[in-house]
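# Reading the structure
Spelled out from the first residue to the last, the chains are:
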Amino acid sequence: WPSIQIINQNLQKFCQKHGSFRFFDASPLFFQDKTANDKTPLLKPGLLKDHKYLTLEGHKVWGRAIVKEVKSILFDAKSKEQEGTGEDVMVTNGDDDDDDDIFGSYDEMDYNDDV
């Protein structure tokens, strides 16, 4: 875990230094708020198998977070594009259902949990 934290810190610094990159920390998606006796964060149950590989549910959680981040990036870019024009900007697929996004329904994609 300490090596992952160091890598994430370095990636975050790199992204801050180079403005065209955005750091996305997925740790909160997979770790509980509490820690083990050795201060290592505890994994959320059901998202990883063998503490290495994402389960189907883990892929869904990760996928939703990625889609949310991409939407945020697109919205930020569109907002910057529209700055000063007085126009309202909305990045959406026109559907009010939060489970669906501009890329379609992530939950309906074909998964193989054994991969």
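Residues numbered from 1 in each chain as written. Predicted model: local features only at pLDDT ≥ 70, side-chain atom pairs only at ≥ 80, totals over all residues. Heavy atoms only, no water.

## What about the environment of V61?
By the element assignment, V61 lies in helix 3 (residues 56-82). The class of V61 is buried, set by a relative accessible area of 19%. Taking the C-alpha atoms as reference, V61 lies 8.6 Å from F30; in sequence the two are 31 residues apart. Sequence-distant contacts of V61, that is, excluding residues within four places in its chain, are made with L29 and L47. (Helix = DSSP H or I, 4+ residues; strand = E, 2+ residues; numbered from the N terminus. Buried < 20%, exposed > 50% of the residue type's maximum accessible area, 1.4 Å probe, protein only. Contact = heavy atoms within 4.5 Å.)

## Observations regarding the pairing of strand 1 (residues 31-35)
Pairing between strand 1 and strand 2 (residues 41-43): two bridges, direction antiparallel. Bridge assignment links T35 to a residue of strand 2, and that residue is P41. Between the antiparallel neighbours strand 1 and strand 2 lie five residues, among them K39 with a positive phi of about 75°. (Pairing = 2+ DSSP bridges.)

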